[in-house]
Amino acid sequence: MGRVRAAFMLLLFVYGSISIGMSPGRAIVCPLYCLDVDYMTCPSSGEEKLSPSCNCCLAPKNCTLHLSDGSSIYCKPHEF
């Protein structure tokens with residue numbers, strides 16, 4: 001009985017992940033590090049300086065992280 005329930009739960013998870021658009025073999029992994037970000041800008045907010053995110057994985061896509069050393073990093077959307 002336990003094996004049948006475990007198999008059913010696994011199938012339910014796989015079908016559920018497919019139905020919401022996730023591929024069961026692919027996942028986005030966020031790195032566990034923070035950059036020294038002063039502020040962030042996004043197209044949706046114009047030139048307004050927003051509170052910074054630690055890295056591009058945690059920032060909204062298409063935003064730019066402006067680092068304290070004067071450089072910047074563009075956060076592009078993930079490509080699958």
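Residues numbered from 1 in each chain as written. Predicted model: local features only at pLDDT ≥ 70, side-chain atom pairs only at ≥ 80, totals over all residues. Heavy atoms only, no water.

Peer 1: Honestly, the overall build of the protein in this entry has me stumped. Any pointers?
Peer 2: A tally of helices and strands in the protein yields one helix and three strands. Secondary structure of the protein in N-to-C order comes out as α-β-β-β. Accessible surface, the protein as shown: approximately 6300 Å² in total, 62% of it carbon and sulfur. (Helix = DSSP H or I, 4+ residues; strand = E, 2+ residues; numbered from the N terminus. Areas by Shrake-Rupley, 256 points an atom, 1.4 Å probe, with all protein chains shown as cover.)

Peer 1: Would you mind showing me how to read the state of the cysteines here?
Peer 2: Each disulfide is one covalent bond, formed between the sulfur atoms of two cysteines. In total, this model carries four disulfides according to the counting rule given. The partner cysteine of Cys30 in its disulfide is Cys57, sulfur to sulfur 1.9 Å. A torsion of -70° about the S-S bond marks the disulfide between Cys30 and Cys57 as left-handed. Linking Cys30 in the loop between α1 (2-19) and β1 (37-41) with Cys57 in the loop between β1 and β2 (63-67), this pair joins segments that are 27 residues apart in sequence. Residue Cys30 is classed as partly exposed on the basis of its relative accessible area, which comes to 33%. (Disulfide = S-S within 2.5 Å. Buried < 20%, exposed > 50% of the residue type's maximum accessible area, 1.4 Å probe, protein only.)

Peer 1: Is there a simple way to think about the packing of aromatic side chains in this case?
Peer 2: Two numbers describe a pair of aromatic rings. These are the distance of the centres and the angle of the planes. The full count for this structure, using the stated rule, is zero aromatic pairs. In this structure, Lys49 is placed above the aromatic ring of Tyr39, and the distance from its NZ or CZ to the ring centre is 4.6 Å. (Phe/Tyr/Trp six-rings, centres within 6.5 Å; stacked < 30°, edge-to-face > 60°. Lys NZ or Arg CZ within 6 Å of the ring centre and 35° of its normal.)

Peer 1: Would you take a moment to explain the confidence of the model for the protein for this structure?
Peer 2: If pLDDT is low for a region, its predicted coordinates should not be looked at in detail. Per-residue pLDDT for the protein has a mean of 79; in total, 62% of the residues score no lower than 70. For the protein, the element scoring lowest by mean pLDDT is α1, at 59; β1 scores highest, at 96. (pLDDT = per-residue confidence, 0-100.)

Peer 1: Any chance you could explain the sheet that holds β1 here in plain terms?
Peer 2: What holds strands together in a sheet is hydrogen bonding between their backbones, with the strands either parallel or antiparallel. In space, the three strands of this open sheet follow the order β1-β2-β3, with antiparallel pairing throughout. In this open sheet, the two strands that pair with only one neighbour each are β1 and β3 (72-75). Taking each pair of neighbouring strands and ignoring which way they run, the sheet shows an average axis angle of 20°. (Pairing = 2+ DSSP bridges. Axes fitted to C-alpha atoms, helices over the stretch in contact; angles between N-to-C directions.)

Peer 1: Help me out: how do you make sense of the nonpolar core in this one?
Peer 2: A general tendency of soluble globular proteins is for nonpolar side chains to be buried together. Counting eight residues, the largest nonpolar core is built from Val37, Met40, Cys42, Ala59, Cys63, Leu65, Leu67 and Cys75. Going through the elements one at a time, β1 and β2 are the ones with two or more residues in this core. In terms of residue count, the dominant contributor to this core is β2 (three residues). (Core = buried A, V, L, I, M, F, W, Y, C linked by side-chain atoms within 4.5 Å.)

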